[in-house]
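Fold and geometry: a report
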Amino acid sequence: MTAIHSPKTGTRVPLARVNLGDDEIAAAARVIENGQLCQGEIHEQFERAFAEHLGVKHAITVSSGSTALLVAMQAIGLGPGDEVIVPDITFVSTATAATYLGATVVFCDINLENYCIDASCIEPLINDRTKLIVPVHLGGRMADMATIMAIAEKHQLAVLEDAAGAHGAAVDQRYAGTIGDAAIFSFTPTKPITTGEGGMITTNDPDIARRCRLIRNFGDQSKFEWNSLGFNFRMTAVSAALGLEQLQRLNDNIARRRSIAAKYHEAFADLPEVQTPRIPNCELTNFQLYTVLLDTTKLSVTRDEVIDQLAQQGVASRLYYPALHRMPVFEGTASAGLGRKFPNADSYEESALSLPIYADMNQSEQSIVIDQMREIIGQSRLWGPVQV
């Protein structure tokens, strides 16, 4: 297979890297050759394969993970006057999709075990305007879906899983994207499946699926029969072709990510300043991200300074993501928290560090990351050097 990697970025080890090969090239070429570049059979093939892989009844392709959120929320019936509960740590689209529909976002603190929504904080946020809970499986880690579903059932709320990066992740032998009323996935280049841009909605509810298909295609009931509000949220045919091929090697890619994560675990096990991901036996994560927490009280540097020092050595790293309640887009709105505290989100924002991980990461690249991390921690340790 001829691998196609993303362009060089000036770093020795990028945060993520696209891995496309001959199968994807051939699939894209077939679409171009047959001339059907809009919605068609290739989308149906990708949808059927994705649904079958997860064991759900319906999968609906859309143009991105962000539009998947917007379409799914509209299909569930979210609108003005409604409130939706989302974690304070997530990509902004989880919140702004609801805002576009006129709903009010209510941020919920996270837990520091897997960085997902703290299920114990959800119920006090519920009132008679609450309509939807959106747990995010951050970086491929699974939110506490058993507790969340029990809360939703008690209060008759809908649950939309934001599984943007959780392809193939599971808890208690149930895949992300199969537990709530609906779910969304993203296919951007950092994800275990990439189509460049693209997204997918999954559900077992035929009414939600029907509404999603209408919304993504202008609300068109038949040709030029616009009975409901929709827009062009369709995936391109080339993207669908890439996704269908990428799906075939998803399990292999996840296995590679887990192997790489295991080496990180081992390499940082003797560093008390570095908290590596804690994975319970009931959970299978895909390690879409490999995120550690730095105990900066034991270091002479901040997390941002660690990012800068890694960058100076050619290693990319990043915070995924800053706390949303402080973002200017929500400033002065009810979504900003109205004085509520988010201690875990605040702590995460100061200490979280995501390191490079991708399916074709080689031993040399990972060794560079490990060596540079150990050297930085060793030189910054307040109570003495660490063996590098």
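Everything below is about the structure printed above this text.
I will try to describe carefully the structure that is included in this document. These numbers were taken from a predicted model, which means no experiment stands behind them. Within any chain, residue numbers begin from 1 and follow the written order of that chain's sequence. In keeping with the predicted nature of the model, local features appear solely for residues at pLDDT of at least 70, side-chain atom pairs appear and are counted solely at 80 or more, and the whole-chain, interface and lining totals rest on all residues. Each side-chain value is derived from all of the structure's non-hydrogen atoms; neither hydrogens nor water enter the calculation.

1. Observations regarding helix H6 (residues 206–216)
- Any residue under 20% of the maximum accessible area for its type is buried, any over 50% is exposed, and the rest in between are partly exposed; the area is computed with a 1.4 Å probe on protein chains only. Helix numbers and strand numbers start at the N terminus; a helix is a DSSP run of H or I with at least 4 residues, a strand a run of E with at least 2. Restricting attention to buried positions, one finds in H6 the residues Ile-208, Ala-209, Cys-212, Leu-214, Ile-215 and Arg-216.
- Contacts were defined at the residue level, with two residues in contact if any of their heavy atoms lie within 4.5 Å. In this structure, the buried side of H6 is in contact with helix H2 (41–54), strand S3 (58–62), helix H3 (65–76), strand S10 (182–186) and strand S11 (199–203).
- Think of a polar contact as two N or O atoms within 3.5 Å of one another; within protein, one of them needs to be a possible hydrogen donor and the other a possible acceptor, and neighboring residues in sequence only count if both atoms come from side chains. The opening residue of H6 is Asp-205, an N-cap whose side-chain oxygen sits 2.8 Å from the backbone nitrogen of Asp-207.
- Phe-218, located one to two residues past H6, shows a positive phi value of around 65 degrees.

2. Details of the pattern of salt bridges
- Here a salt bridge means any side-chain nitrogen of Lys or Arg lying within 4 Å of a carboxyl oxygen belonging to Asp or Glu. In this structure the tally under the stated criterion is 18 salt bridges.
- In this structure, Arg-129 and Glu-83 form a salt bridge, with 3.1 Å as the shortest nitrogen-oxygen distance. Highlighted residues: Arg-129 in the loop between strand S5 (104–108) and strand S6 (130–133) and Glu-83 in strand S4 (residues 83–87), separated in sequence by 46 residues.
- The salt bridge involving Arg-129 is made with Asp-128; its shortest N-O contact spans 3.7 Å.
- Accessibility expressed as a relative area gives 42% for Arg-129, which makes it partly exposed.
- A single network of salt bridges, built from pairs that share partners, joins Arg-17, Asp-360 and Glu-365.

3. Describing the side chain of Thr-202
- Structurally, Thr-202 can be placed in strand S11.
- Polar side-chain contacts of Thr-202 include one of 2.9 Å to the backbone oxygen of Gly-177.
- What Thr-202 contacts, discounting residues up to four positions off in sequence, is Phe-50, Leu-54, Val-56, His-58, Ala-59, Gly-177, Ala-182, Ala-183 and Phe-185.

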